[in-house]
Each structure stands twice: as C-alpha cells, then as structure tokens.
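# Secondary and tertiary structure notes
The residues making up each chain are set out below.
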Amino acid sequence: GYTQILFTLENGVGRITLNRPGRLNSFTEIMHAELARALDTLEAEPGLRGLVITGAGRGFCAGQDLGERKPAEDGSRRDLGEGLEKRYRPLIERLRALPVPVVCVMNGVAAGAGASLVLACDVVYAVESARFIQAFSKIGLLPDAGGTWFLPRLVGSARAMGAALFGEAVSAAQAESWGLIWRAVPDAALADTLADVEATLAAGPTRAYAATKAALHASSGNTLAQQFDLECRLQRELGHTEDYLEGMRAFAGKRPPVFTGK
Ligand code: T3D
C-alpha cells in the first residue's frame, strides 16, 4: 500500500496523486520511495498508455519537506547533493524516459522541486488559481531537480532568470502565456480535466505518442539533420503499427479511429 501518494492504474493509464495535503504534498523520503515503487509498476506494465500526476487538497507540491531539513544541533551541514542524486534525479529521469505521455494536472501551488516536477511532465494543465514559485532562492538555494534545465528551455533566459532569482509567484495565466504550461483551466473544471486527459490517453495512438515524446525531447540536443534521421526512423516504425492502419481506415471511412495502442 501507499501512505503519501495515491496510485491507480486503469485502462492502461496510471494516476499518481501526491497525498500529504496538510504539508502541501511536499516531498519526504517516504513519498520518494512510494513514487519509485509506483514507477516500478508503471515501467513493468506492457499495456501502459499514459500517466497523470496531480495533488490532493489545495496545493500541488511545495517541494522538499523542509521539516526533514532542520539544522543539526551540532551545526553539521547536510549533503544536499546526495538527496538530489539519489531521490530527485531518478524521479525526474524516469518520468522523462517513460514511453508514454506524462500529464500533470496542477490542482494548486507548485513550489521549489514541486515546480521542477511539473516542468518535467510532458503536458501541463493548471487550475487558474494555481501558482508557480521558484522558492529556492528564498532559502539560499538554486533551482534543482532539473529546474535550471527545464526553465530556460520553456520560457527563455530572461524569464527563467527573473523567476529563478527573485522567486515571485507566476500565475497559471502568466505561465500559459509564457509557454511554461499547455493550458490554464477554470478551478471548477479540475475533475473534468483529469477525466478527459485519462480518457484521451487510454484511447490514444500510444506508439505514436511514444515516438512524438522521444523526438520532441531529443530535438534540443540535435541538429536538423539528426532530427530528420530520427523522424525517418520513428515514422518508418509507426508505418507498421496497427494504429496507423486503423487511422487510415477511419479516415477513409469518415469515422473516428479506434486505437488499441499497438
Ligand atoms: O533539501 C534538499 O534536498 C535540496 C532540495 C531542495 C528542493 C526544494 O524543493 S527547496 C524548496 C522547498 N520549498 C519551499 O521552500 C516552499 C515552502 N513553502 C512555501 O513557500 C509556501 O508554503 C507556499 C508558497 C508553497 C504556499 O503558501 P501558502 O501560504 O499557500 O501555504 P502555507 O500556509 O505556507 O503552507 C500550508 C502548510 O504547509 C503550512 O503548515 P501549517 O502552518 O499549516 O502547519 C506550511 O508550513 C506547510 N508547508 C508548506 N510547504 C512546506 C510545508 N511544510 C514542509 N515543507 C514544505 N516545503
């Protein structure tokens, strides 16, 4: 069982709900271990078609639980690099490598490493009342958990610098207009958004999604020539899938396609 997250897997779609609402779902050692266990299950699921990440209560995730970071009485300092390497890095890298879309439905504020988790997802919806806070500088740290990599790629250097250095809240509407997230949705549409996203993923052309995710992720490190090579290889593979055949038949028959993810 799980105590700090909720985890379900239905119709090939996983849902992880960060579930420590009283502490705005901040990350603990236990939550990291439970997330790793959920990812073990997802990675081992041959029929996986998507993953949705959301939070319980009024916050999405307030980053590292600072209660686990109380200064030692003898004044000794903690090795922050170790926690990043052993907990945050595998979490972010595994989400990026998952061969299905990872969709974040942000139910509320995301701060610190919670914001980095959001940015590591492939598609992000956020309720209009949600905010992003690069809280790190307020406690004398730099954005981590991949934050310094994701942020400038998504919004450019000027906005990344302003947000990261000064830590002011960025609203969901601002985040959408910057291109930091896909869409801001009304707060009242949270449950419908979750249900719609899950239905879309469960009925999607899963192999085309996997190829699209891989190609878009690869593009920032590729030349146009390398990207063409990658597109050719991936499209060649997709040309042999059942979903492509179905897509062509559905087009010819003027009906919606019924994809099986194969
Ligand atoms: O340490 C390492 O391993 C290095 C890695 C670092 C990664 C990081 O994530 S560093 C950044 C850590 N996160 C923060 O600094 C954010 C701290 N939280 C806040 O600034 C605010 O809570 C928010 C701006 C996110 C939300 O503000 P607000 O006013 O809506 O809520 P609140 O009242 O501050 O929080 C509600 C409760 O959650 C409150 O507890 P209480 O007073 O009701 O008993 C608050 O203390 C608790 N809470 C919020 N964030 C955290 C937390 N408790 C522990 N850790 C938190 N990060």
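Now for a look at the structure at hand. Note that residues are indexed from 1 along each chain, following the sequence as it is written. Given that this is a predicted model, residues contribute local features only at a pLDDT of at least 70 and side-chain atom pairs are listed and counted only at 80 or more, while totals for whole chains, interfaces and linings are drawn from all residues. Values reported for side chains reflect all heavy atoms of the structure, with hydrogen atoms and water molecules removed beforehand.

One can find Q134 in the loop between β8 (131-133) and α4 (147-155). In this view, Q134 contacts A115, P143, L151, A163, A164 and G167; residues no more than four positions away in its chain are not counted. Segments assigned H or I by DSSP are reported as helices when at least four residues long, segments assigned E as strands when at least two residues long, and all are numbered from the N terminus. Contact between two residues is taken to exist if any of their heavy atoms lie within 4.5 Å; hydrogens are not considered.

Let's shift gears to the site of the ligand. To be near a molecule or strand, a residue needs just one of its heavy atoms within 4 Å of it. Neighbouring residues of the ligand: 21 residues in total, closest R58, Q64, L66, R69 and A113. Taking R23, its side chain carries an N or O atom lying 3.1 Å from an oxygen atom of the ligand. For the ligand, an oxygen atom lies 2.6 Å from a polar atom in the side chain of R69. All accessible-area figures derive from a Shrake-Rupley calculation using a 1.4 Å probe, and residue coverage is judged against the displayed protein chains alone. Compared with its free state, where it exposes 1,000 Å², the ligand has 69% of that area covered by protein. For the shell around the ligand, the class distribution of residues is ten nonpolar, five polar and six charged. For this analysis, a polar contact is any N or O atom pair within 3.5 Å, provided that within protein one partner can donate a hydrogen and the other can accept it, and provided that sequence-adjacent residues contribute only side-chain to side-chain pairs. Residues are sorted three ways: Asp, Glu, Lys and Arg are charged, Ala, Val, Leu, Ile, Met, Phe, Trp, Tyr, Cys and Pro are nonpolar, and all the rest, Gly among them, are polar.

So, on to the pattern of salt bridges. Salt bridges are counted wherever a side-chain nitrogen of Lys or Arg sits within 4 Å of a carboxyl oxygen of Asp or Glu. Within the structure shown, the criterion is met by eleven salt bridges. Put simply, R20 and D65 hold a salt bridge, and the shortest N to O gap is 2.9 Å. Within this pair, whereas R20 is found in the loop between β2 (13-18) and α1 (29-43), its partner D65 is found in the loop between β4 (59-61) and α2 (80-97), the two being separated by 45 residues in sequence. Each residue is placed in one exposure class: buried if its accessible area under a 1.4 Å probe, protein chains only, is under 20% of its type's maximum, exposed if it is over 50%, and partly exposed if it falls in between. Using a relative accessible area of 17% as the deciding quantity, one classes R20 as buried. For D65, a relative accessible area of 9% puts it in the buried group. In this structure, a network of salt bridges that share partners links the residues D40, E43 and R94.

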